[in-house]
Amino acid sequence: MSKSVPDHKSGTPEGKTDEGESAAPWRGVLVLAFGAFAIGTDEFVLAGVLPELSDSLSVSITTAGQVVTVFALTCAVMAPILGTLTAAWPRHKVLKLSVLVYLLGVVGTGLAPSFPVVLAAQVIAAVGAGLYIPAASVTASALMGPERRGRAIAAVTTGLTAATALGAPIGTVVGSVLDWRATMWFIALLTVLSLFGVFTLVPAVVTGAPGGLRQRLAPLGDRRAVAVLAATLVAFTAAYIVYTYMAEVFAPATGGDGRKLAILMFAFGLTGMVGNFYAGTLADRFGARVVVGGAVTLLAASLLVLPLATGSFAAAAVVIVVYGVAAWGITAPQQSRLITLNPESAPLLISLNAAFLYLAIALSGVIGAVGINTIGARNISLIGAAVAVLALGLSELGHRLAKNSPARTAKVTA
């Protein structure tokens, strides 16, 4: 049985020295990242198997597409609720429960005889996903300690970006060669491997958590946290407006060739992995606020010039690389900011951050659809650029509130 990690301050397993002191926590963090990869694959691969899903269950493509919306909205609603209800639980128990629930949903989806049952099963899977990602981020942070918090969280969220770059394309190929149910069994296999890793390689950690419900919900009254969460919502809405409709936006560059579109999506996910991981490292060195500001600024710039690149595949690939780095460079620093604001309420705050991210995915689809109908697919990135500028303002507002808060002033005085 793995020994527990004392707390956020020490962040290392008991009884470990020298190489073992640094290697053991990283093994646990990598397992958590693999779990995020398994969960993210289900989330991102659904869009790739919609044709097979609609044919198999005799529903239209637009109806089948609602499975993506249902998954995202369920995560958005359930992440903060479950984060509150399980805030006082040991993180390793939350992780095990979340992976088991997710596995149940994936298996249920693979066995579903009708589309309504698919939706119900995906709701179950989304509940597990909404519980896992925040718990994994908090656990990784506790394992590595405050000085390496950004890198630890970035490693976990890199699992999600890997799902866009590797998991979703592989799952899509499996679905096209076999069928969409085979894709679900592929995801189930990934989830079983993740569950085994959580049971054997992730040590128990001790994270501070308020005792009563009122104390757990207290962060919702913190204007600093609200401003950071609002920045997450607005920034990822900006980022996903184009991604959700990438096939339409870059149709002139790809000529409708699915292979060229797959290359662009792969480039987005792969460079996103790099951007996400190094954003965490930079946040440890220069501060999360600086990295978030730089990433959002780069996102706005890439979206602003994106319409000029939709007619050429080479130009589109270049813009996609910058766009991917900027979009995924926001995640880890934002989570680091929230944990720094209130370490004892980290489970709730990270759950809320995950909820806002999923809500942004759903919201971006609506805004993008309206944009396509009004200014055309080629120009919807301009809407994203404007939204990104708003996100930058909210990020700076969160920094100013944190800088001028009574708690910070008292700490500096002391």
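The name that an unreviewed UniProt entry assigns to the protein chain is MFS transporter, with the source organism given as Streptomyces eurythermus.

Peer 1: Could you give me a rundown of the overall build of the protein chain, with the residues and numbers involved?
Peer 2: Of the regular secondary structure elements, the protein chain holds 19 helices and zero strands. Relative to its 414 residues, the protein chain shows a buried fraction of 55%. For the protein chain, the share of sequence-separated contacts (at least 6 apart) that also reach a separation of at least 24 residues comes to 84%. As presented, the protein chain carries roughly 16600 Å² of accessible surface, and 69% of it is formed by carbon and sulfur atoms.

Peer 1: Could you give me a rundown of the nonpolar core, with the residues and numbers involved?
Peer 2: Generally speaking, nonpolar side chains in soluble globular proteins are found buried as a group. Of all hydrophobic cores here, the largest spans 102 residues; its most connected members are Leu32, Tyr132, Phe250, Leu299 and Tyr323. Looking at this core, the element that brings in the most residues is helix 6 (residues 115-144), giving 13 residues. In this structure, Tyr323 is in contact with Ala239, Tyr240, Val242, Tyr243, Phe268, Leu299, Ser302 and Leu303, ignoring residues within four places of it in sequence. Counting twelve residues, the second-largest nonpolar core is a separate cluster that includes Val138, Ala332, Leu338 and Leu349.

Peer 1: Please set out a nonpolar patch on the surface residue by residue, giving values where relevant.
Peer 2: Taken together, the side chains of Leu166, Ile170, Phe266 and Leu270 define a hydrophobic patch exposed on the protein surface, amounting to about 310 Å² of accessible area. Mapped onto the elements of the fold, Leu166 is located in helix 7 (residues 149-177). Residue Leu166 is classed as partly exposed on the basis of its relative accessible area of 36%.

Peer 1: Give me the lowdown on the packing of aromatic side chains, citing residues and values where you can.
Peer 2: The final tally for this structure, using the stated rule, is five aromatic pairs. Ring geometry for Phe34 against Phe37: centres 6.0 Å apart, planes inclined by 35°, an arrangement best described as tilted. Taken together, the residues Phe34 and Phe37, both in helix 1 (residues 18-45) and three residues apart, mark about one turn of the helix. Judged by its relative accessible area of 30%, Phe34 is partly exposed. Centroid distance Phe236 to Tyr240: 6.4 Å. Interplanar angle 35°. Geometry classified as tilted. With Phe236 and Tyr240 both in helix 10 (residues 223-244), this residue pair falls four residues apart, about one helical turn. What makes Tyr240 buried here is its relative accessible area of 5%. One aromatic cluster is present, formed by Phe236, Tyr240, Tyr243, Phe268 and Tyr323 through successive ring pairs.

Peer 1: Talk me through the packing of helix 5 (residues 91-111) against helix 8 (residues 180-201); I want residue IDs and the actual numbers.
Peer 2: Close contact between helix 5 and helix 8 brings their axes to 9 Å; oriented N to C, the two are set at 165°. Regarding the angle of helix 5 to helix 8, the classification is roughly antiparallel. As helix 5 packs across helix 8, the resulting crossing turns out to be left-handed. Contacts between helix 5 and helix 8 involve Leu95, Lys96, Val99, Leu100, Tyr102, Leu103, Val106, Val107, Thr109, Gly110 and Leu111 on the former and, on the latter, Trp180, Arg181, Met184, Trp185, Ile187, Ala188, Thr191, Val192, Ser194, Leu195, Val198 and Phe199. Taken together, the residues that form the contact of helix 5 with helix 8 break down as 17 nonpolar, four polar and two charged.

Peer 1: Summarise helix 4 (residues 66-85); cite the residues concerned and give the values.
Peer 2: Here helix 4 is 20 residues long and its end C-alpha atoms lie 28 Å apart, about the 28 Å a rise of 1.5 Å per residue gives. Of all the bends found along helix 4, the most pronounced is centred on Met78 and spans about 35°, while Pro80, a proline, follows it within four residues. Along helix 4, the residues classified as buried are Val67, Phe71, Ala72, Thr74, Cys75, Ala76, Ala79, Pro80, Leu82, Gly83 and Thr84.

Peer 1: Can you explain the side chain of Thr74? Please cite residues and give values.
Peer 2: Tracing the backbone shows Thr74 in helix 4. By relative accessible area, Thr74 is classed as buried at 13%. In this view, Thr74 contacts Ala79, Val123, Ala126 and Val127; residues no more than four positions away in its chain are not counted.

Peer 1: Can you tell me about the side chain of Thr237, naming the residues and giving the values?
Peer 2: Turning to its location among the elements, Thr237 is positioned in helix 10. Relative accessible area serves as the criterion here: at 2%, Thr237 is assigned to the buried category. If we skip the residues at most four places from it in the chain, Thr237 touches Ala360, Leu363, Ser364 and Ile367.

Peer 1: Summarise the packing of helix 10 against helix 15 (residues 313-328); cite the residues concerned and give the values.
Peer 2: Two elements in contact, helix 10 and helix 15, have axes whose closest approach is 10 Å; the angle formed by their N-to-C orientations is 145°. By crossing handedness, the relation of helix 10 to helix 15 is classed as left-handed. Packed against helix 10, whose contacting residues are Phe236, Ala239, Tyr240, Val242 and Tyr243, the element helix 15 presents Tyr323, Ala327 and Trp328 at the interface. Looking at the contact of helix 10 with helix 15 residue by residue, the class counts come to eight nonpolar, no polar and no charged.

Conventions adopted
- Within each chain, residue numbers correspond to sequence positions counted from 1 in written order.
- Only residues with pLDDT of at least 70 get local features here, since the model is predicted, and only at 80 or more are side-chain atom pairs given and counted; chain-wide, interface and lining totals rely on the full set of residues.
- In computing side-chain properties, one takes all heavy atoms of the structure into account and sets aside hydrogens as well as water.
- We count a stretch as a helix when DSSP gives it H or I for four or more residues in a row; a strand needs E for two or more, and each element gets its number in order from the N terminus.
- Categorising residues by exposure relies on relative accessible area from a 1.4 Å probe, with only protein chains included: less than 20% of the type maximum marks a residue as buried, more than 50% marks it as exposed, and the intermediate range marks it as partly exposed.
- Here a residue-residue contact requires only that any non-hydrogen atoms of the pair lie within 4.5 Å.
- Here the Shrake-Rupley method, with its probe set to 1.4 Å, supplies the accessible areas, and only the displayed protein chains count as covering residues.
- To define a nonpolar core, start from buried Ala, Val, Leu, Ile, Met, Phe, Trp, Tyr and Cys residues and group those joined through side-chain atoms within 4.5 Å.
- Patches here are clusters of residues that have more than 30% relative accessible area and form no salt bridge, with a 9 Å joining cutoff for like charges and a 5 Å cutoff for nonpolar side chains (Val, Leu, Ile, Met, Phe, Trp, Tyr).
- Whenever a carboxyl oxygen of Asp or Glu lies within 4 Å of a side-chain nitrogen of Lys or Arg, that contact is scored as a salt bridge.
- Aromatic rings from Phe, Tyr and Trp, taking only the six-membered ring of Trp, are treated as a pair when their centres fall within 6.5 Å; an angle between ring planes under 30 degrees marks them as stacked, one over 60 as edge-to-face, and anything in between as tilted.
- Axis lines are fitted through C-alpha atoms, for helices just across the contact stretch, and the angle between N-to-C directions can take any value from 0 to 180 degrees.
- Roughly parallel covers angles under 35 degrees, roughly antiparallel covers those over 145, roughly perpendicular covers 65 to 115, and oblique covers all other angles.
- Here a crossing is taken to be left-handed if its near helix is turned anticlockwise relative to the far helix by less than a right angle, and right-handed if that turn runs clockwise.
- Note that Gly is not counted as nonpolar here; it falls among the polar residues with everything else outside the nonpolar set of Ala, Val, Leu, Ile, Met, Phe, Trp, Tyr, Cys and Pro and the charged set of Asp, Glu, Lys and Arg.
- Here a helix's expected span is defined as the number of its residues, less one, multiplied by 1.5 Å.
- Bending is quantified residue by residue as the angle between axes fitted to the seven-residue window ending at that residue and the seven-residue window starting at it.

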